Amino acid sequence: MGVPEFVNLEELEGLAEGSMERTAFDYYRSGADDEISMRESREAWKRLRLVPRMLRGVSDVDTSARVLGHDLAFPVLIPPMAMQRLAHRDGERAMAKAAARHGIPMVLSTMATSSLEEVATVCPSPLLLFQIYVTRHRDITQKLIEEAVALGYKALVVTVDVPYLGNREADVRNRLSLPDDLHLKNLQGRLGVVSNLMHGDSQQGSMLTQAFSEDIDPGLTWEIVTWLKDVSKLPVLVKGLLSPEDAAIAVDRGVDGIIVSNHGGRQLDTAITSCDALPAIVARVRGRIPVLVDGGIRRGTDVVKALALGASAVLVGRPLLYALAVGGEQGVWTAIQKLKEEFKLGMGLCGTSSIQDITPSLIAPSSSRER
Ligand code: FNR
């Protein structure tokens, strides 16, 4: 599969729209309700202004970063994104291969269309994390975790912003379901309801909404962190926090990292953007655990800004799904490469030659106050 030409990540959406099934494209692109949080997530990074430093000797710009105990080529991860075989027949495996070639981690979704094992066999284990949606049947989640541990997954990411699935109207209109040849491989045969519900002809809108309401546990509390740590003995990251108070609780509960996220605007519409939420969370956490961030990050300068605001790393979602759709593994590799080159250029133009040089003083105070 050839990779169509693109010069930046934003262009991928248009390319993918022309080459994907409408239902799949809409599922990837859309947000909840009026898509206000989704749009603002992109705009928030754009509004921040940089204050570059000069004459700092930037002939060698080193993008490498140590994140969650691993040395990464640059501080970017691939977030959990469900059902990647809707984009390309190699789905999650192609995504994982591209991540491994770049030396960056990928988080596999509970709702993947490839199994934990299929992905583990193509991606070196230090770089694989597993995202958990905790099911009402806790024993099923426990078995999945045990499988992930045995396969060498290095951390768990528990997504906490989906007690109920957000109202994604495009999926309701399209009556989103999975084609017969695709399955939620990690739940298939284990959780009749989710995996069966994802097939067939829905008369009531999105099958995903029905699957979540049947099987995903909306009763979770902070106790879940202790349970996940006991069962897995792995580091546990909490994904989907936006409040500094919750960040403080996460630290007290022994969480190993926070992902500040509004789920790409797909859950609570009009929720604060992750860019706006980040500074208060960083201030509250005070460096005790890593704080990562995702949502609307599309440019190398967005990554510089996130790090300047105190993030240890970022996650970039939709553009990589679109890259997968239009160019498979090589498409994803190329998109990550472009982001990395932009990041390196952004660092050099800011007068920073290592990640440690990226400090809050790079952000113009006026641009943060206007928000
Ligand atoms: C997601 N996201 C997501 N998050 C999660 O914890 N588990 C999941 O299964 C999914 N699935 C998923 C599917 C699709 C199609 C998208 C676009 C997103 C959210 C994802 O991890 C991440 O938070 C956002 O995608 C980040 O925003 P951007 O970069 O897409 O703007």
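Residues numbered from 1 in each chain as written. Predicted model: local features only at pLDDT ≥ 70, side-chain atom pairs only at ≥ 80, totals over all residues. Heavy atoms only, no water.

Peer 1: What is the right way to look at the sheet that holds strand β4 (residues 106-108) in this model?
Peer 2: Think of a sheet as strands paired side by side through backbone hydrogen bonds, with each pair either parallel or antiparallel. Strands sit in the order β3-β10-β9-β8-β7-β6-β5-β4 across an open sheet of eight strands; the sheet is parallel. This sheet does not close on itself; its edge strands, each paired only once, are β3 (76-77) and β4. In terms of strand pairing, strand β8 (residues 257-260) meets strand β9 (residues 291-294) through three bridges, oriented parallel. Looking across to β9, one finds that V260 is bridged to V293. Sheet contacts for helix α12 (residues 274-285): β7 (236-241), β8 and β9; angle to β9, the most-contacted strand, approximately 175 degrees. (Pairing = 2+ DSSP bridges. Helix = DSSP H or I, 4+ residues; strand = E, 2+ residues; numbered from the N terminus. Contact = heavy atoms within 4.5 Å. Axes fitted to C-alpha atoms, helices over the stretch in contact; angles between N-to-C directions.)

Peer 1: Would you mind showing me how to read the site of the ligand here?
Peer 2: Contacts to the ligand come from 23 residues, most closely from P80, S109, T159, D294 and R298. Within the side chain of K239, a nitrogen or oxygen atom sits 3.0 Å from a nitrogen atom of the ligand. Interatomic distance of 3.4 Å between a side-chain N/O atom of S261 and an oxygen atom of the ligand. Expressed as a share of its isolated accessible area of 610 Å², the protein-covered part of the ligand is 98%. Of the residues in the shell around the ligand, the class split is nine nonpolar, nine polar and five charged. (Near = heavy atom within 4 Å. Polar contact = N/O pair within 3.5 Å; in protein donor to acceptor, adjacent residues only side chain to side chain. Areas by Shrake-Rupley, 256 points an atom, 1.4 Å probe, with all protein chains shown as cover. Nonpolar A, V, L, I, M, F, W, Y, C, P; charged D, E, K, R; others polar.)

Peer 1: Help me understand the packing of aromatic side chains in this model?
Peer 2: Any two aromatic rings considered together are summarised by their centre-to-centre distance and by the angle between their planes. A full pass over the atoms with the stated rule returns five aromatic pairs. The positively charged end of K338 is found above the aromatic ring belonging to F6, 5.5 Å away from the centroid. (Phe/Tyr/Trp six-rings, centres within 6.5 Å; stacked < 30°, edge-to-face > 60°. Lys NZ or Arg CZ within 6 Å of the ring centre and 35° of its normal.)

Peer 1: Honestly, the state of the cysteines in this entry has me stumped. Any pointers?
Peer 2: One way to say it: the disulfide is the covalent bond shared by the sulfur atoms of two cysteines. Under the definition given, this model contains zero disulfides. Between C350, a free cysteine, and C275, which holds the nearest cysteine sulfur, the sulfur-to-sulfur gap is 15 Å. Judged by relative accessible area, which is 4%, C350 ranks as buried. (Disulfide = S-S within 2.5 Å. Buried < 20%, exposed > 50% of the residue type's maximum accessible area, 1.4 Å probe, protein only.)

Peer 1: How do you make sense of helix α10 (residues 223-232) when you look at a structure like this?
Peer 2: Residues three or four positions apart in an α-helix share a direction because the helix packs 3.6 residues into each turn. Listing the buried residues of α10 in full gives I224, V225, W227, L228 and S232. What you see down the axis of α10 is that its buried residues fit within an arc of 165 degrees, all on one side. One or two positions beyond α10, positive phi appears at K233, with a value near 60 degrees. (Arc of directions from axis to C-beta.)

Peer 1: Would you mind going over the environment of R318 with me for this structure?
Peer 2: Locating R318 in the fold gives a position in helix α14 (residues 318-349). Expressed as a C-alpha distance, the spacing of R318 and I281, which sit 37 residues apart in the sequence, is 24 Å. Once residues within four sequence positions are removed from consideration, R318 is found in contact with Y28, R29, S30, M38, M81, G264, R266 and R298.

Peer 1: Got a minute to help me understand the UniProt feature "binding site: glyoxylate" (unreviewed entry) in the protein chain in this structure?
Peer 2: Under the present numbering, the feature "binding site: glyoxylate" (unreviewed entry) in UniProt falls on Y27, Y133, R168, H263 and R266. Of the annotated positions mentioned, Y27, Y133, R168, H263 and R266 line the largest cavity. Residue position: R168 is located in the loop between β6 (155-159) and α7 (169-174). Here R168 falls in the buried class, since its relative accessible area comes to 4%. If we skip the residues at most four places from it in the chain, R168 touches Y27, S30, G31, A32, L208, H263, R266 and Q267. (UniProt positions renumbered as here; feature names shortened; annotations may be inferred. 1 Å grid on protein atoms, 1.4 Å probe; cavity = no way out; pocket = protein on both sides within 12 Å on 5 of 7 lines; lining within 4 Å.)

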